[in-house]
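# Coordinates in review
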Protein chains: 2
Amino acid sequence: MANKKRTTLKDIAVKLNISPAAVSKAMHDDSRISDRTKEAVKRVAKELNYQPNHLASALRKGKSNLVGVIVPRTNSNFFSSVLENMEAVLNKAGYNIIITQSNESFEKECKNIDTLLYTQVDGIIASMANETVDLSHYEKIKSNGIPLILFDRGENDLNVDYVGINDYDSSHVIVEHLVEKGCKRIAHIGGYRRTRIFNNRIRGYVDALKKNKLPIDDSLIVESALTLEDGRLKMEKLLKLKDRPDAIYAASDYAALGALQVLNENRINVPNDIRLVGFGNEPFTSLVSPSMTSIDQHSKDIGRIAANTFLDYAAKDDVKQSLNKIILDAELIVRDSSK
Amino acid sequence: MANKKRTTLKDIAVKLNISPAAVSKAMHDDSRISDRTKEAVKRVAKELNYQPNHLASALRKGKSNLVGVIVPRTNSNFFSSVLENMEAVLNKAGYNIIITQSNESFEKECKNIDTLLYTQVDGIIASMANETVDLSHYEKIKSNGIPLILFDRGENDLNVDYVGINDYDSSHVIVEHLVEKGCKRIAHIGGYRRTRIFNNRIRGYVDALKKNKLPIDDSLIVESALTLEDGRLKMEKLLKLKDRPDAIYAASDYAALGALQVLNENRINVPNDIRLVGFGNEPFTSLVSPSMTSIDQHSKDIGRIAANTFLDYAAKDDVKQSLNKIILDAELIVRDSSK
DNA sequence: TATATTTGCTTAATCGATTAAGCAAATATA
DNA sequence: TATATTTGCTTAATCGATTAAGCAAATATA
């Protein structure tokens, strides 16, 4: 049966007739403890199946070795891949991560932050919910004196570290690609302008058109929730234009998929009649017909870099953060939808 | 700037010239504390921005109010939906959850369990990795005296609570549906038999064939890793049979999608030439062409029930678990691929 | 040989919050 | 009025692990 009581340092100390302090030091290979004692302690620890009490050591050391992570949702390939790589780096450094989802809700995000602070995490790595405009709950993290690292969805005003891809340049890469294929009327199903990354994609799109001497047509720029359903709606709207676009650049793969469905249903040939490019390189982009051109966001690198940024702060004594952006180049994955 | 030091109960006590014990009781609305004192304490707590130290209270109370969750991966719709609903129930009861991913790896699963036990969680809710055969790490949870609840991917031998759908019956529902459509040679791209749920689906498939007086053809039953790639391979293999199947029942939507791609590439009409049914009701099933018939696993209910099962144990003094299965009926969502 | 240093531990305090035990004052009951 | 009960707190111990300070014995150095 189960040992009702967990083994503590004291149990080991009693068994070996030494002080709990000596046991603690032996477990941490303190140089002032003899090898004989260390061996004995470790042997007895194993015998009694000793598991250190994290709460006690965290309380005493003022450090929980936990990192909180907030993502809008885990069921996208991008975020789950970021998480996986983040975790690998942090685990190696002796940290464990607590994953929370905001479900794109501002309220939930606030609650998540409270939970994480309450759990005494040593730092928070977050990607902001779509709904979030007010930043006071993020300020709370900073005023707690623990590092805050943002990725993908960030905000300059917080003056903290940020890791993400170059959204502005990505739009350029996409537009150049479409122009090269002969497209003249490129529509953009974009996200809400208030979210920085989507705003950057819109700006990039506009500037890239200018650079290629193409006219800016406001009817070809639509703001969208970027869900599959909204992608469908916005595509239907675009098809009703007198002068139809010959290419669609959607700021998310889900919206692009919605657009693709509408195009397929209307027997509009992709890529011959209208070319289509998505964003995010979700696994399904290679699965649909025709397969979809998209932007890969280097989720692995983002996860690793965000984790390492946290570790840099963890190694220091005091946390002094400033706006420090690490911007990665995104990669265009060309597939059938734009060939 | 940030308050370098966090506010503690003692700070409030000093300010009000009462004992920390009284402050603690006031914060918890102890009946033996006067309303006057309670009000004063709460006012000062707000003034000083007091945040209780979770580590200290958890250590003292021997209860962390954290629940650990282990899933194979978060980027499937099923698991992310389970997590969302689980979290909602647990949050309401004052618990927070720590999500970890095993990535289907036995080794990672062991590490996750160690992490969660180390973090002093009050219970663990888990869905087992595909690789897992040895159960000793799960036994470790039980011997720690905290409740263990399994869902979706469980194991009878552990003698703990389990929540899942009726895989055996689901296979019957699928086979009946295909038989009704006139199918005579139904192939099954199944998972590995050692995983209980997949074994049950295979058994259900075989028994349902028998029940419908259809012959059992071993060449129509293939064991698969159930990934998209493996679904493709297994479908290609099935197409090479002298006597081709007229229906495919895949034990995962990803494998079914692989099969669908191969069928589409070979210009085999789905559903007219071969009918296709998947499992899991992943969002893409309604997005592909033709849309795919699949089984919905009631992720919301599973998440809620698993959470409530944990809460039942949390309310009790001692944890005495036994094999206790809660089996939900799954629902067949009929789409174009089998119409 | 006398002093300094190192080794290998122990003692006691601490991290914050909680709680059993107890005490004095206020109030209720006989 | 005398005793019992309740109210509103305080005191002190505790949850385990860690660590600063310190001490005696062993060893090194002059």
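All values reported here derive from a predicted model rather than from experimental measurement.

Moving on to the protein's contact with DNA strand D. What surrounds DNA strand D is a group of 24 residues, the closest being Leu 9, Tyr 50 and Arg 60 of chain A together with Ser 19 and Ser 34 of chain B. Atoms of DNA strand D within 4 Å of the protein belong to the sugar or the phosphate in 50% of instances, the rest to bases. A distance of 3.3 Å separates a phosphate oxygen of DNA strand D from a polar backbone atom of Asn 53 of chain A. Breaking the surface near DNA strand D down by element, the ones donating at least two residues are helix H2 (20-27) and helix H4 (54-61) of chain A together with helix H2 (20-27) and helix H4 (54-61) of chain B.

The environment of DNA strand C is made up of 23 residues, and the closest members are Ser 19, Arg 32 and Ser 34 of chain A together with Leu 9 and Arg 60 of chain B. Separating a base oxygen of DNA strand C from a side-chain N or O atom of Lys 25 of chain A is a distance of 2.8 Å.

Listed by partner, the interface residues are 43 residues for chain A and 42 residues for chain B. Carbon and sulfur atoms supply 53% of the area that chain A and chain B bury against each other, a total of about 4,100 Å² over both sides. Across the chain A-chain B interface, the total number found is two salt bridges. The partner of Glu 87 of chain B in a salt bridge is Lys 108 of chain A, with the nearest N and O atoms 3.4 Å apart.

Time to look at the packing of aromatic side chains. All names here are of chain A. As enumerated under the stated definition, the model contains 10 aromatic pairs over all chains in all. Ring plane angle 65° and centroid distance 5.0 Å describe the contact between Phe 78 and Phe 79, whose orientation is recorded as edge-to-face. An identical accessibility class is assigned to Phe 78 and Phe 79; each is buried. Ring centres of Phe 79 and Phe 151 lie 6.1 Å apart, and the angle between their planes is 65°; this geometry places the pair in the edge-to-face category.

This paragraph deals with the sheet that holds strand E6 (residues 186-190) of chain A. Residues and elements named next belong to chain A. Within the open sheet, the four strands sit side by side as E7-E6-E8-E9. Their pairing is parallel. The two strands at the open ends of the sheet, each matched to only one other strand, are strand E7 (221-223) and strand E9 (275-277). Direction aside, the axes of adjacent strands within the sheet are offset by 15° on average. Pairing of strand E8 (residues 247-250) with E9 involves three bridges; the strand directions are parallel. Residue pairing in the sheet places Tyr 249 in a bridge with Val 277 of E9. Across the sheet, helix H8 (residues 167-180) lies against E6, E8 and E9, angled at about 165° from E9, the strand it touches most. Packed onto the sheet, helix H9 (residues 196-211) meets E6, E7 and E8 and runs at close to 170° relative to E6.

All names here are of chain A. Here chain A is described as being made up of domain 1 (1-38), domain 2 (64-164 + 299-327) and domain 3 (167-297 + 333-338). Placing a centre on the C-alpha atoms of domain 2 and another on those of domain 3 gives a separation of 30 Å. For the domain 2 and domain 3 pair, buried surface summed over both sides reaches about 1,100 Å², with 42% attributable to carbon and sulfur atoms. At the surface where domain 2 touches domain 3, the tally comes to zero salt bridges. Taken together, the links from domain 2 to domain 3 amount to three residue pairs in polar contact (both at pLDDT 80 or more). Within the residue set of the side of domain 2 that touches domain 3, elements represented by two or more residues are helix H5 (77-92) and helix H12 (299-315). The residue makeup of the side of domain 2 that touches domain 3, split by class, is four nonpolar, seven polar and five charged.

Moving on: the pattern of salt bridges. On inspection of all chains with the given rule, the structure shows 30 salt bridges over all chains. Across the pair Arg 232 of chain A and Glu 265 of chain A runs a salt bridge whose closest N-O atoms are separated by 2.8 Å. With Arg 232 of chain A in helix H10 (residues 228-239) and Glu 265 of chain A in helix H11 (residues 253-265), the pair connects residues that are 33 residues apart, well separated along the chain. Asp 301 of chain B is the salt-bridge partner of Arg 304 of chain B, the closest N and O atoms lying 2.5 Å from each other. Of this pair, Arg 304 of chain B and Asp 301 of chain B both sit in helix H12 (residues 299-315), separated by three residues, roughly a single helical turn. Given the relative accessible area of 28%, Asp 301 of chain B is considered partly exposed. Connected via shared salt-bridge partners are Lys 15, Arg 43 and Glu 47 of chain A.

About the thresholds
- Residues numbered from 1 in each chain as written.
- Chains lettered and ligands numbered in written order.
- Predicted model: local features only at pLDDT ≥ 70, side-chain atom pairs only at ≥ 80, totals over all residues.
- Heavy atoms only, no water.
- Near = heavy atom within 4 Å.
- Polar contact = N/O pair within 3.5 Å; in protein donor to acceptor, adjacent residues only side chain to side chain.
- Helix = DSSP H or I, 4+ residues; strand = E, 2+ residues; numbered from the N terminus.
- Contact = heavy atoms within 4.5 Å.
- Buried area = accessible area lost by both parts, 1.4 Å probe.
- Salt bridge = Lys/Arg side-chain N within 4 Å of Asp/Glu carboxyl O.
- Phe/Tyr/Trp six-rings, centres within 6.5 Å; stacked < 30°, edge-to-face > 60°.
- Buried < 20%, exposed > 50% of the residue type's maximum accessible area, 1.4 Å probe, protein only.
- Pairing = 2+ DSSP bridges.
- Axes fitted to C-alpha atoms, helices over the stretch in contact; angles between N-to-C directions.
- Domains from an automatic or database assignment.
- Nonpolar A, V, L, I, M, F, W, Y, C, P; charged D, E, K, R; others polar.

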